[in-house]
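Residue-level structural notes
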Amino acid sequence: MRHLIKYMVRSVLLIATFGFVAMSCNEQPREEILKVYNWGDYIDEELLTEFEEWYEEQTGCPVKVVYQTFDINEVMLAKIEKGEADFDVVCPSEYIIERMMRHDILEPIMTDEFRADLESTGTENYIEKYISPYILNQFGHIIAPEGHDPRDYSVGYMWGTTGILYNTEYVTEEEAMSWNLLFDERLEGKILIKDAFRDVYSPMLVYAKTLEAREDGLIGKDDTLPLNAEVRATLGLSEEVPTIEDLMFDSSDESIALVESYLKDMKRLVAGWEADFGKEMMTQNKAWINLMWSGDAVWAIEEAAEVDVSLDYVVPEEGSVVWFDGWVIPKYAKNTRAARYFINFMCKPENAVRNMDATGYVSVIGARETLEAMELLTPILAEIEECDDAEERAELEAARDEILEMGPTDLSYFFKDENGEPLRFVGENGYEIHADSVYIDPIMYPDKSVIDRCAMMHDSGEQTDKMLEMWSRVKGDNLSPVMLIFIIVSFVILIVWGVWRKVAKHRKMKKMLKRRHHERKIK
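Residues numbered from 1 in each chain as written. Predicted model: local features only at pLDDT ≥ 70, side-chain atom pairs only at ≥ 80, totals over all residues. Heavy atoms only, no water.

**A few points about the environment of Thr 111**
Convention followed: For the purposes of this entry, the term helix denotes a DSSP run of H or I that reaches at least four residues, the term strand denotes a run of E that reaches at least two, and both are numbered from the N terminus. Contacts described as polar in this section are N or O atom pairs within 3.5 Å, which, within protein, must combine one atom able to donate a hydrogen with one able to accept it, while residues neighboring in sequence count only if both atoms come from side chains.
By the secondary structure assignment, Thr 111 is in the loop between β4 (106-107) and α5 (112-121). Taking the C-alpha atoms as reference, Thr 111 lies 9.9 Å from Arg 340; in sequence the two are 229 residues apart. Among the polar contacts listed, one links the side chain of Thr 111 to the backbone nitrogen of Phe 114, at a separation of 3.0 Å.

Quick look at the structure:
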């Protein structure tokens, strides 16, 4: 996951509440406390209280959740490696999971003992029943010591892509479909880059190697690199052609220098390297393109629409990153039983949907309940069928036409039945839903054609320091005085605005959940 301004605000609140939390912890034995360490704004916090009740119902044991947040993977990892806090459940990104596996600081989650415990308490195994096979396959690519299956030590939580958020008034979709857009002279001072070196390094390396392969005649002038060796062989390409998956492991000195040259060339056009303020600048027309994560893009597009700013998001055709965050249990965890039950609870389909509603990010759960909740077309069709009011019907039909204009998305790679076939079923409203042709937000759930050009990043090991040094050299002092003033003013505004948004979002979610409940009650 991917978030600095929020961290500053949250830090102030944390200082004010730390004493209270510490006193609360001291009132209960440690074995009745579950310490969760997660990204900020990355969960429906009402689920924390509900877990406490559910866990006691299932096991007969009381538990109190102590919930803390972080905004930088490396800060979280440093605390765990130094043993500064005895967290029971943590949610790192995929490359940090690799580092944790290499350093042997994780407890297995899926054990025979845990499966037997679930069975003895009559608790459904949501983890192994509902996580998408695509996610399981990707987590199987996490590098782990010999004899260790990373899927036994980590369970997926959220996932997404890295791409380009752009203002449709100034940039066309065709232009945004190439990383070349980041080097467009007319966009000088209107480009923002995510201040996350890994998420910038990998796409830039893919872009640079694509241009090299074209120049060397290894691929056609309009062709892109294959995803993996299997695709390369199918296309009859030379083994000299690098694959996108191979490049996700490439942190050689030569590649670091290559990416640095591209980034330095881009730097003169960049308005700033943003940790979290990019979304606001895009919604306010202060910037026109932003290299960012899909979940942040969803938020920005929705907010921009409310002030008549049109934004969209794409993953460039050369290829990019698909990232994952997952739950792990540190070796020093004090309450491993509650930790495993917590992870299982988060994999319950209805809880996955609530977390998506609360965060804007996409759950790893591939259940039919998840697909039906996120599918856009059939609820509108059902309302049209039952609507007798002409004016309301016209509005619904306009909404239907807008959804149809989006076109269907192929999610056959993500939602599969027990036989491994694309999921197909009749929803509660009586309409069929087909995973290989579904009307859904394509930013949250990318089409198979997009996934076929995205690969997972890996830990750069001993080369990490060199990559960080490169990143520091590239960024330098790139903020203009105007940009600096804007950030300071925005920070002050965000404190007030953030409180208002959370209240509004809470009311919106309650209304939505109430509507879903009402619809199901009628049916």
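Structure's up, so let's keep going.
**Examining the pattern of salt bridges**
Two side chains bearing opposite charge may form a pair once their charged atoms approach each other closely. Selection criterion: Salt bridges are defined as contacts in which a side-chain nitrogen from Lys or Arg sits within 4 Å of a carboxyl oxygen from Asp or Glu. Relative accessible area decides the class of each residue, using a 1.4 Å probe on protein chains only: under 20% of the type maximum gives buried, over 50% gives exposed, and in between gives partly exposed.
For the structure on display, the rule yields 31 salt bridges. Residue Arg 99 is joined to Asp 459 by a salt bridge in which the shortest nitrogen-to-oxygen separation is 2.8 Å. Note that Arg 99 is positioned in helix α4 (residues 94-102) and Asp 459 in the loop between β15 (454-455) and α22 (464-475), a separation of 360 residues in sequence. Residues Arg 99 and Asp 459 agree in their burial class; the two are buried. Among the salt bridges present, the one from Lys 466 reaches Asp 253, with a minimum N-O distance of 3.2 Å. Of the two residues, Lys 466 is situated in helix α22 and Asp 253 in helix α13 (residues 253-267); the sequence distance between them amounts to 213 residues. Residue class for Lys 466 comes out partly exposed when judged on its relative accessible area of 38%. Overall, the relative accessible area of 42% leaves Asp 253 in the partly exposed class. One network of salt bridges, with partners in common, ties together Arg 30, Lys 35, Asp 86 and Asp 88.

**A closer look at the pairing of strand β1 (residues 33-39)**
We count it as follows: Strands pair, by our definition, only if DSSP identifies at least two bridges between them.
Counting buried positions over the 7 residues of β1 gives 7, a clear majority of the element. Of the pairings in the sheet, the one linking β1 to strand β2 (residues 64-70) comprises 7 bridges and is parallel in character. In the sheet register, Tyr 37 faces β2, and the bridge partner there is Gln 68. One ladder, built from 2 bridges, connects β1 with strand β3 (residues 89-90); its direction is parallel. Its bridge partner being in β3, Val 36 is matched across the sheet by Val 89.

**Re the packing of helix α2 (residues 46-59) against helix α17 (residues 349-359)**
The condition is simple: To obtain each axis, a line is fitted to C-alpha atoms, and for helices this fit is confined to the stretch in contact; angles are then taken between N-to-C directions over 0 to 180 degrees. Any angle from 65 to 115 degrees is called roughly perpendicular, while one under 35 is roughly parallel, one over 145 is roughly antiparallel, and all others are oblique. Any two residues whose heavy atoms approach within 4.5 Å at even a single point are treated as in contact. Residue classes follow a fixed rule: Ala, Val, Leu, Ile, Met, Phe, Trp, Tyr, Cys and Pro count as nonpolar, while Asp, Glu, Lys and Arg count as charged, and any other residue, Gly among them, counts as polar.
As a packed pair, α2 and α17 sit with axes 11 Å apart at the nearest point and diverge in direction by 160°. In this view, α2 runs roughly antiparallel relative to α17, as classed from their interaxial angle. The segment α2 lies against α17, with Glu 46, Leu 47 and Glu 50 engaging Asn 351, Arg 354 and Asn 355. Of the residues contributing to the contact of α2 with α17, the split by class is 1 nonpolar, 2 polar and 3 charged.

**Quick notes on the side chain of Asp 117**
Here Asp 117 shows up in helix α5. Beyond its immediate stretch of four places on either side in the chain, Asp 117 contacts Arg 337 and Tyr 341.

**Remarks on helix α16 (residues 336-346)**
Of all 11 residues in α16, 9 are buried; the element is thus mostly enclosed. Along α16, the positions that sit buried rather than exposed are Ala 338, Ala 339, Arg 340, Tyr 341, Phe 342, Ile 343, Asn 344, Phe 345 and Met 346.

As far as function goes, none of this settles anything; it's purely spatial.
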